[in-house]
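Per-entry structural report
One-letter residues, chain by chain:
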Amino acid sequence: PRASPHVSAPSARLSAARASQRAEQGRARPPHKHSHPPLLAAPRHHAPATRRTCIAVSHLERAGGSRSRRHADRAKGSQERMARGSSAGYDRHITIFSPEGRLYQVEYAFKAIKTSGLTSVGVRGADSCVVLTQRKVPDKLYDPESVTNMYAITPNIGLVMTGIVPDARASVKKLREEAAKFKFNNGYDIPVSYLAKRAADTAQVYTQHANMRPLGIAMIIIGIDVEGEKKVPQLFRCDPAGYYVGYKATSAGAKEQEANNFLEKRFKPPAGSNVAVDPKLSHDDTVQLALACLQNVLGADLKANDIEACVVRHDNLAFTRLSADELETQLTALAERDDDIAGRD
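All values reported here derive from a predicted model rather than from experimental measurement.

What to know about the sheet that holds strand S3 (residues 150-154)
In spatial order, the strands read S3-S4-S5-S6-S7; together these five strands make up an open sheet with antiparallel pairing. Looking at the sheet topology across the chains shown, the edges are occupied by S3 and strand S7 (244-246). Sheet twist, expressed as the mean angle between neighbouring strand axes with direction ignored, is 25°. Across nine bridges, the pairing between strand S5 (residues 217-227) and strand S6 (residues 230-238) is antiparallel. Along S6, the bridge assignment pairs valine 226 with lysine 231. Set on the sheet, helix H4 (residues 165-186) makes contact with S3, strand S4 (157-163) and S5; between it and S3 the angle comes to about 15°.

Considering helix H6 (residues 256-266)
The complete set of buried residues in H6 reads Ala259, Asn260, Phe262, Leu263 and Arg266. Down the axis of H6, the buried set is contained in an arc of 160°. They therefore lie on one face. Of the exposed residues in H6, the ones pointing more than 90 degrees away from its buried face are Gln257, Glu264 and Lys265. Residues of H6 that are buried in the fold lie against strand S1 (119-124), strand S8 (249-253) and helix H7 (283-298).

So, the nonpolar core
In this structure, Val123, Leu263, Leu289 and Leu291 are the most contacted members of the largest nonpolar core, which totals 28 residues. Of all the elements in the fold, those that place two or more residues in this core are S1, strand S2 (128-134), H6, H7, strand S9 (307-313) and helix H8 (324-335). Apart from residues lying up to four places away in sequence, leucine 289 is in contact with Val123, Phe262, Leu263, Arg266, Phe267, Leu281 and Ile341. With 23 residues, the next largest nonpolar core counts Ala168, Ala179, Ala200 and Cys238 among its residues.

Regarding the sheet that holds S8
Strand order across the open sheet formed by five strands is S8-S1-S2-S9-S10, with antiparallel pairing between neighbours. Whereas interior strands pair on both sides, the edge strands pair on one side only; in this sheet they are S8 and strand S10 (320-321). Sheet topology note: the S1/S2 ladder contains five bridges and is antiparallel. Pairing of valine 121 across the sheet is with leucine 132, part of S2. Lying on the sheet, H6 is in contact with S1 and S8; it crosses S8 at an angle near 165°.

The rules we used
- Residues numbered from 1 in each chain as written.
- Predicted model: local features only at pLDDT ≥ 70, side-chain atom pairs only at ≥ 80, totals over all residues.
- Heavy atoms only, no water.
- Pairing = 2+ DSSP bridges.
- Helix = DSSP H or I, 4+ residues; strand = E, 2+ residues; numbered from the N terminus.
- Axes fitted to C-alpha atoms, helices over the stretch in contact; angles between N-to-C directions.
- Contact = heavy atoms within 4.5 Å.
- Buried < 20%, exposed > 50% of the residue type's maximum accessible area, 1.4 Å probe, protein only.
- Arc of directions from axis to C-beta.
- Core = buried A, V, L, I, M, F, W, Y, C linked by side-chain atoms within 4.5 Å.

What follows is the structure, encoded as structure tokens:
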């Protein structure tokens, strides 16, 4: 007999039970090992209104404090730049002028002269010139005879260098070559004024090229120019900027200002005049005035071994170094004086 197309009621109930069981098994199936857990939003715990207000205020205070600190740091940096004389950026190159029209590297070269701690004095008299400086031997193992700041350029022209010693020796070498070349080309010794001009020209060139630096030295040049029967003592000073001029008396080094003040009092112009007098000093007066100046600015009695001096005179044109005995004699004569030259007025 044919099967009935209709399913009996018990079979339908069995099929429904099986389907319900499979659905429950599907819901209870463990997750796959590569599956990700569902993302659940974290519950929010809202703070009270007063707390939210305090937090906002603290954030604003923190932001305002950091902003004020930044402004304070900027102001402090500006004050530091002003304290340096507004030289920030303008002292890095020799060829750059500052807005005030200054070359800071050249000014630093003048300061380098004083780092040696020495003071030099030059005085011109009626028939002689003298240069005087301190002698300091930095190491006990040095040979004192090899430590000097006096250099002869020609037999009759010499100078005292104050400042950086290597720069001084390099300059002396160039000046000796210049003097030898002049005598070879012209047949007579180079004049003191022309030698000073050539030294100043070289120093000035060093201030206008970026691949050079100024020389940290000041030189005081002495000599006697012979013009026929006339012998003229000459005293010149040249500085790192390339400026040179003749002097009656001058100084250089650590106590330069004090020494110049002392010398100006000895050469002060008479009443109603702006031109300093030329006292026509003798050889002894010239040497003793230089000794008195150095002794006054150092504030201590000098000893012959603490100084070195060189002179040129009418009767002896050679650039001559004074011996310890000669210096001791001059110091003794200075101690016995009580006049304007001795500085006890």
